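Residue-level structure breakdown
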Amino acid sequence: MNYSVLVPLPLEPLTYSFDSDEPLPKGSFVLVPVRNKKIWGIVLKAEAQEAPPKYAIKKILELLSIPPLDSSILELILWSANYYHYSAGEILRSFFPEKIDADFKKTIKISEHGKISFFQKKIKRKKINSFLEKLIEEQSISSKGIPKKFLSELLEQNLISVNMTRTFAEEKTIAYSFKNKTLNEDQNRVFLSCESILQKEKFTPILLEGITGSGKTEIYIELANKVLEKNKSVLILVPEISLTPQLLRRFSTALNKKIGVIHSGLTPKDKFNYWSQMLHGEISVCLGARSAIFTPMQNIGLIIVDEEHDSAYKQEDHFRYQARDLSIVRAKLSNCAVILGSATPSLESYHNVKLKKYEHYQILKRHGNATLPIVKIIKPPKLVDENLISPLLEKALTETLNKKKQALLLLNRKGYASFLTCKSCGHVPKCTRCSVSLTYYKNSDELKCSYCGLRSKKMTECEVCEFPDLSYGTPGTESLEIEIKEKFPSNNIDRIDSDTTKKSGSLEKALERLSNKNTDIAIGTQMISKGHDFPDVQLVGVVNADSSLNFPDFRSSERTFQLLTQMAGRAGRLDGNGIVYIQSNQEENPSIKYSAKHDYKSFAEQELLVRKEFSYPPFSKLARLLITAKNDNQAKNISDRIYQLLSKSLKDDLEILGPSPAILSKIKNHYRWQILLKAKDFKYIRQAMFILKHKDFFKKK
Ligand code: ADP
Ligand code: ZN
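Parameters and conventions
- Residues numbered from 1 in each chain as written.
- Chains lettered and ligands numbered in written order.
- Predicted model: local features only at pLDDT ≥ 70, side-chain atom pairs only at ≥ 80, totals over all residues.
- Heavy atoms only, no water.
- Buried < 20%, exposed > 50% of the residue type's maximum accessible area, 1.4 Å probe, protein only.
- Helix = DSSP H or I, 4+ residues; strand = E, 2+ residues; numbered from the N terminus.
- Pairing = 2+ DSSP bridges.
- Right-handed = clockwise from strand over helix to strand, strands pointing away.
- Patch = residues over 30% accessible without salt bridge, like charges linked within 9 Å, V, L, I, M, F, W, Y side chains within 5 Å.
- Areas by Shrake-Rupley, 256 points an atom, 1.4 Å probe, with all protein chains shown as cover.
- Salt bridge = Lys/Arg side-chain N within 4 Å of Asp/Glu carboxyl O.
- Lys, Arg positive; Asp, Glu negative; His and termini not counted.
- Charge placed at Lys NZ, Arg CZ, Asp CG, Glu CD.
- Near = heavy atom within 4 Å.
- Polar contact = N/O pair within 3.5 Å; in protein donor to acceptor, adjacent residues only side chain to side chain.
- Nonpolar A, V, L, I, M, F, W, Y, C, P; charged D, E, K, R; others polar.
- Contact = heavy atoms within 4.5 Å.
- Core = buried A, V, L, I, M, F, W, Y, C linked by side-chain atoms within 4.5 Å.
- Domains from an automatic or database assignment.
- Buried area = accessible area lost by both parts, 1.4 Å probe.
- 1 Å grid on protein atoms, 1.4 Å probe; cavity = no way out; pocket = protein on both sides within 12 Å on 5 of 7 lines; lining within 4 Å.
- Points joined across faces, edges and corners; volume = space filled by probe spheres on them.
- Axes fitted to C-alpha atoms, helices over the stretch in contact; angles between N-to-C directions.
- Disulfide = S-S within 2.5 Å.

So, on to the pairing of strand E11 (residues 259-262). Because side chains alternate across E11, one face comprises the buried residues Ile259 and Val261, and the other comprises Gly260 and Ile262, equally buried. Sheet topology note: the E11/strand E12 (residues 285-288) ladder contains four bridges and is parallel. Along E12, the bridge assignment pairs Gly260 with Cys286. This β-α-β element, E11 to helix H9 (residues 268-279) to E12, shows right-handed connectivity.

Our next topic: a positive patch on the surface. Taken together, the side chains of Lys314, Arg320, Arg559 and Arg624 define a basic patch exposed on the protein surface. Within the element layout of this structure, Lys314 appears in strand E14 (residues 314-315). Judged by its relative accessible area of 34%, Lys314 is partly exposed.

In the neighbourhood of ligand 1, 17 residues make up the surrounding shell, with Thr182, Gln187, Gly213, Lys216 and Asp533 lying closest. Measuring from an oxygen atom of ligand 1, one finds a side-chain N or O atom of Lys181 at 3.1 Å. The separation between an oxygen atom of ligand 1 and a polar side-chain atom of Thr217 is 3.1 Å. In isolation ligand 1 offers 550 Å² of accessible surface; the protein chains occlude 84% of this area. Within the shell around ligand 1, the residues separate by chemical class into two nonpolar, nine polar and six charged.

This paragraph deals with the environment of Lys26. Relative to the helices and strands, Lys26 is located in the loop between strand E2 (14-17) and strand E3 (29-34). Residues contacting Lys26, with those up to four places away along its chain left out, are Val43, Leu44, Pro68, Leu74 and Glu75. A distance of 2.5 Å separates the side chain of Lys26 from the side chain of Glu75, its partner in a polar contact.

Turning our attention to the nonpolar core. Counting residues in each nonpolar core, the largest one holds 50 residues, and the members touching the most others are Phe29, Phe96, Ile293 and Phe294. Only strand E4 (37-46), helix H1 (71-83), helix H2 (88-95), strand E10 (233-237), H9, strand E13 (300-306), helix H10 (323-334) and strand E16 (337-342) provide two or more residues apiece to this core. In this structure, Ile206, Ile221, Leu223 and Leu287 belong to the second largest nonpolar core, which totals 32 residues.

As a further point, take the domain arrangement of the chain. When the domains of the chain are assigned, the result is domain 1 (2-95), domain 2 (104-166), domain 3 (185-363), domain 4 (377-410 + 475-609), domain 5 (417-474) and domain 6 (621-693). Contacts between the two partners involve 17 residues from domain 1 and, on the opposite side, 22 residues from domain 3. Taking both partners together, domain 1 and domain 3 bury about 1,700 Å²; carbon and sulfur atoms supply 73% of that area. It is Leu76, Tyr84 and Phe95 that lose the most area in domain 1 upon contact with domain 3, and together they represent 37% of the buried surface on that side. Counting every contact that joins domain 1 to domain 3 gives zero salt bridges. Taken together, the links from domain 1 to domain 3 amount to four residue pairs in polar contact (both at pLDDT 80 or more). Of all the secondary structure elements, the ones that give two or more residues to the side of domain 1 that touches domain 3 are H1 and H2. It is H1 that provides the largest number of residues to the side of domain 1 that touches domain 3, a total of seven residues. Along the lines of polarity and charge, the residues of the side of domain 1 that touches domain 3 split into 13 nonpolar, two polar and two charged.

A few words now on the pairing of strand E31 (residues 670-679). Along E31, eight of the ten residues are buried, which leaves the element largely enclosed by surrounding structure. Examined bridge by bridge, strand E29 (residues 621-629) and E31 share nine bridges and lie antiparallel to one another. Pairing of Leu625 across the sheet is with Ile675, part of E31. Across seven bridges, the pairing between strand E30 (residues 655-667) and E31 is antiparallel. By the bridge assignment for E31, Ser660 is matched with Gln674. Where E30 folds back on E31, the antiparallel hairpin that results is connected by two residues, among which Lys668 adopts a positive phi of roughly 50°.

Let's shift gears to the layout of surface pockets. By volume, the second largest pocket is sized at about 1,000 Å³. Contributions of two or more residues to the lining of the second largest pocket are made by E4, H2, strand E6 (104-110), helix H5 (148-156) and strand E8 (160-166). Across the lining of the second largest pocket, the residue classes tally to 18 nonpolar, three polar and eleven charged.

In space, the three strands of this open sheet follow the order E29-E31-E30, with antiparallel pairing throughout. Each edge of the open sheet is held by one strand with a lone partner, namely E29 and E30. On average, each strand axis in the sheet is inclined to that of its neighbour by 25°, with strand direction left out of account. The sheet strands contacting helix H18 (residues 632-649) are E29, E30 and E31, and the helix crosses E31 at an angle near 15°. Strands in contact with helix H19 (residues 682-694) are E29 and E31; relative to E29, the strand with the most contacts, it is inclined by about 20°.

Another aspect to go through is the state of the cysteines. Applying the stated criterion across every chain yields a total of zero disulfides. For Cys286, which is in no disulfide, the shortest distance to another cysteine sulfur is to Cys336 and amounts to 13 Å. According to the relative accessible area criterion, Cys286 is buried, its value standing at 0%.

Moving on, we come to the side chain of Ser233. Of note, Ser233 is situated in strand E10. The buried category is assigned to Ser233, whose relative accessible area is 3%. Apart from residues no more than four positions distant in its own chain, Ser233 is found in contact with Val227, Ser284, Met297, Gln298, Asn299, Ile300, Gly301 and Leu302.

This is the structure we're talking about:
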């Protein structure tokens, strides 16, 4: 019979033949020849054989002895390939290991015929005799180091049998103390509703809107336990697992199960071990970052997407996908419930609740006696003061430290200053490869590009006019750290940003210091806003709340609201005496005003009005075409051609914005142009994609 087989290469499925009594099930792993190489592939389906094929069909070399892939993951890959216009084979290559059966070992046993021959002394060759004797003693041995020719000779004479046996990786066991929690009334109400949905074992998306500190994690845990009781598995996605080692601890203690962890920071070996145990159905809980949506978990009974609003769910290079959206697709394919949890749901999810596509549960109270913090909007210090924090915030810091409590300060910008500028001619040193100014780092006294990593020594005079005095542009976390250390010399100050946490394990250490109260004030970028649960953090200060507001993206208001609300949510989680200072010049801006009032609903309603007026998502479908080339003119010309082509064929159904240079018009010596496609219905965007694909505009690999 002929089968179409998907291989982890940028190729369409290939046809191979295989003779067997029973047809090969869909999802079977096989070994096939591709261009003189043997590689693994997955059986998609048996092909109907109407006419004899025009070309010789190669044979499947081997049916691998690993379980077939769960259909939900196979279908998800095919769905994604179609939706995101990417090759299914390449998706396979990105998410599946190169050697699919690396944990299998070839072992050799003596056959019945072998035993008889040996004991009846029928074998003449000494070498074979002593080998069989060894097999009788040891029962089974590894094939490693035994010459292939010798083995095939024995096989031919039917003296031995060769088997594949799985070897198990040593488990790292981590022991945590187990403390059972009982759900409070609000949590229990939501739990019971969700549980009754789970019992139906039907596809149901649920938005769980629970304010920061309301105990969403406790609900996830109880629901996961229910699903595990039924011998089904649970897939839990978190935005950035490296930022939340705490969460792994909470889940592993409460579920008392081996948890498969998937994220990009794992060694290939660890990743493979988890991956393989999921495929074999030995791991029933997976906790991972966005890529975990493509793990081969079997028999999924529940998918949880924690902090579903987080933009980290979107992968923005190579294979671009949105894991939150894919969680809905995978839940549908698995016929199970999917819970999207957040204190600040994405407007897409909120809109889906309004359209009655999603169930909606809310918890608007924090657990126990904790209340939400009081949020005050204050003016940032004037530029001439050369301070980053205002006297009010400084006073609040002093009071917090006097009470032996902790504080977090958010400044979402790295380095000492985001640029340098000549005091005479105003020149700003730029990256030679990217269209951005270079960030100044004081610790290492150098300039660095945030996009390509280009580094250079800080110049002592202007490159253009040779004036010997340069001033510092917008300050970042390094600068704030210096100021705070000066103001609080006897306290422990820690800076947490991507520069201080490069070394593996350093972030965990920093979070541990916070958790053990060794850090009094932590200064950081948005890294410190994410889901952390530090009970003794009482004060949160946002140094520059306005910085992300003016970013030219239709989601910038939403992002700012989310960041501020999440950041505020770190304060007063234990006893509710939290206080938050937001330094802003735009206190009437909805993102700032409503986050200060913890008023998600008003923000969402108002922002939806804006989206509707300009017909942005969720009221339309939007696609961005990014055109890159080594030469600016070339990028522009291609963009123009695309514009012409699409405006001719789809002018009534598609709004085409651009072409225009992208916000970052050059990165790593590649010029970037963009075109936005907006349509009421996704089908028009699809049509546009097909036109471009047909005309060969897609990136060549
Ligand atoms: P969220 O994820 O909604 O922000 P968490 O799940 O982190 O909230 O809960 C906030 C804090 O309250 C955590 O320290 C958690 O252990 C505690 N907590 C929540 N619910 C309970 C409960 N029912 N019993 C005891 N502690 C709880
Ligand atoms: Zn650069």
